[in-house]
Amino acid sequence: MLNTVQSQQGADLDPQVREFIRITGEAYLTHSLGQPKTMQGARDVAELVRVPWVAGGPQMADTSERAIDTRHGKVRVRIHRPVTDTAPQPVLFYVHGGGWVMFSLDTHDRVMREYAGRSGVTVIGIDYALSPEVRFPVALEQIVDVLSFAMNHGDGLNIDTGRMAIGGDSAGANLSLAAALTLRDDGHGKRLKGLLLNYGAYAEELKRDDVVRFGGEEYMLTDAEMHAFWAQYLASPEDAANPLACPLKADLRGLPPAFLAIPECDVLAGQSHDLYDRMIEAGVAAQAVTYAGASHSFLEAVSIATVADQALGDASAWIAKLLKMSS
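Residues numbered from 1 in each chain as written. Predicted model: local features only at pLDDT ≥ 70, side-chain atom pairs only at ≥ 80, totals over all residues. Heavy atoms only, no water.

Observations regarding the overall build of the protein
Piece 1. When helices and strands are counted, the protein shows eleven helices and eight strands.
Piece 2. Since a compact globule built from 327 residues should have a radius of gyration of about 20 Å, the 18 Å found for the protein is in line with a globular shape.
Piece 3. Within the protein, the proportion of its 327 residues that are buried is 55%.
Piece 4. Looking at the protein alone, contacts between residues at least 24 apart form 76% of all its contacts between residues at least 6 apart. (Helix = DSSP H or I, 4+ residues; strand = E, 2+ residues; numbered from the N terminus. Rg over C-alpha atoms; globule rule 2.2 N^0.38 Å. Buried < 20%, exposed > 50% of the residue type's maximum accessible area, 1.4 Å probe, protein only. Contact = heavy atoms within 4.5 Å.)

Quick word on the pattern of salt bridges
Piece 1. Summed over all chains, the structure comprises 22 salt bridges.
Piece 2. A salt bridge links R76 to E65, with the nearest nitrogen and oxygen atoms 3.0 Å apart. Residue R76 is located in strand 2 (residues 73–81), and its partner E65 is located in strand 1 (residues 62–70); the two are separated by eleven residues in the primary sequence.
Piece 3. A relative accessible area of 29% places R76 in the partly exposed class.
Piece 4. Here E65 falls in the partly exposed class, since its relative accessible area comes to 41%.
Piece 5. Here R71 and E141 are joined by a salt bridge, their closest N and O atoms 3.7 Å apart. One end of the pair, R71, is in the loop between strand 1 and strand 2; the other, E141, is in helix 5 (residues 138–152), with 70 residues separating them in the sequence.
Piece 6. By sharing partners, the salt bridges in this structure join E65, R76, R78, D106, D109, R113 and D127 into a single network. (Salt bridge = Lys/Arg side-chain N within 4 Å of Asp/Glu carboxyl O.)

Section: unusual backbone geometry
Piece 1. Of note, the bond from S131 into P132 is cis; its omega dihedral lies within 30 degrees of zero at 5°.
Piece 2. Inspection of the secondary structure assignment puts P132 in the loop between strand 4 (122–127) and helix 5.
Piece 3. With an omega dihedral of 10°, the bond running from F136 to P137 counts as a cis peptide bond.
Piece 4. Structurally, P137 can be placed in the loop between strand 4 and helix 5.
Piece 5. Within the chain, S170 stands out as a residue other than glycine whose phi angle is a positive 55°.

Let's talk about the environment of L244
Piece 1. Following the sequence through the fold, L244 ends up in the loop between helix 9 (223–233) and strand 7 (258–265).
Piece 2. Overall, the relative accessible area of 24% leaves L244 in the partly exposed class.
Piece 3. Along the backbone, L244 and L33 are 211 residues apart, and their C-alpha atoms lie at a distance of 38 Å.
Piece 4. When near neighbours in sequence (up to four residues on either side) are disregarded, L244 contacts F136, L140, N174, A178, L181 and T182.

Points about the packing of aromatic side chains
Piece 1. In the structure shown here, the tally under the stated rule is ten aromatic pairs.
Piece 2. With a centroid separation of 4.8 Å and an interplanar angle of 85°, the aromatic rings of F20 and W53 are classed as edge-to-face. Here F20 is found in helix 2 (residues 15–32), whereas its partner W53 is found in helix 3 (residues 39–54), with 33 residues between them in sequence.
Piece 3. Overall, W53 belongs to the buried group, its relative accessible area being 9%.
Piece 4. Three or more aromatic residues joined by ring pairs form one cluster here, namely W100, F136, W230 and Y233. (Phe/Tyr/Trp six-rings, centres within 6.5 Å; stacked < 30°, edge-to-face > 60°.)

So, the side chain of S316
Piece 1. Examined against the element boundaries, S316 turns out to sit in helix 11 (residues 306–322).
Piece 2. Of the polar contacts made by the side chain of S316, one reaches the backbone oxygen of L312; its length is 2.7 Å. (Polar contact = N/O pair within 3.5 Å; in protein donor to acceptor, adjacent residues only side chain to side chain.)

Describing the pairing of strand 8 (residues 286–295)
Piece 1. Relative to strand 8, strand 7 is paired through seven bridges, and the arrangement is parallel. Residue pairing in the sheet places A261 in a bridge with V289 of strand 8.
Piece 2. Read from strand 7 through helix 10 (residues 269–281) to strand 8, the crossover connection turns out right-handed. (Pairing = 2+ DSSP bridges. Right-handed = clockwise from strand over helix to strand, strands pointing away.)

So, in structure tokens, the structure goes:
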């Protein structure tokens, strides 16, 4: 095992992932110059930083957007169809990360197209409302409402409502898991066939060993940033006890099969390992893969990082098999 000094210097990072972190870090500094120190300013910078990483990737047969009514207003969705077949297609609903406070369908467009192109399934991204303007459970309820709409209007979306999965990264993985728990508790759990969970945030409390090893700026996401995200997402301190806000505390029985992509060098890694163990104990057909040298957000580095290409390929093959498609 690397000693603490080596770990703090990021010596355990994959060199290509380390380069991704270096480039994005420099871009944040460049784009932050002259920007107002506001939440919207931070969001604007984050969008600009991600522009180069969204370029390229699979071309879609069709991409469209529409607005879906929810109990909290209209929610924009982006629909990526990788095939020209006009028959209803299996679908992966994708929920982007960003600590519940930033990022968008645009910052995660390539990740969504990668899953669509590699798996052959339609991918629908959900552009939920951000915190702190709204707080738990608004974004979750929007996502649940989008799923409910899709279940009842599959023809309008040209999707096969018998072959639906949901997934996301970071805060998006949290929201995806919480949405699956909500549907299960409402008696609709069997409508989802799978969960794709990429480096998720599943509890407010971080594991001490993860903070010591991976909580520094060398690793993309710091422990301080994660604490700030939770503070802006939860409506009250009591929400931290709610299993729909912190699903690591939930009863996980009755959930669909799950694929967990776990970066080795992530301050949230321990939460994913704990979630996997609890899923197995609960009888969930879960599969977890730990990616050596990978950091938080590493999937966005697919244009330069082999480990991101591998992770996207692994999950896409799992999605295709799960939804009875050929990879």
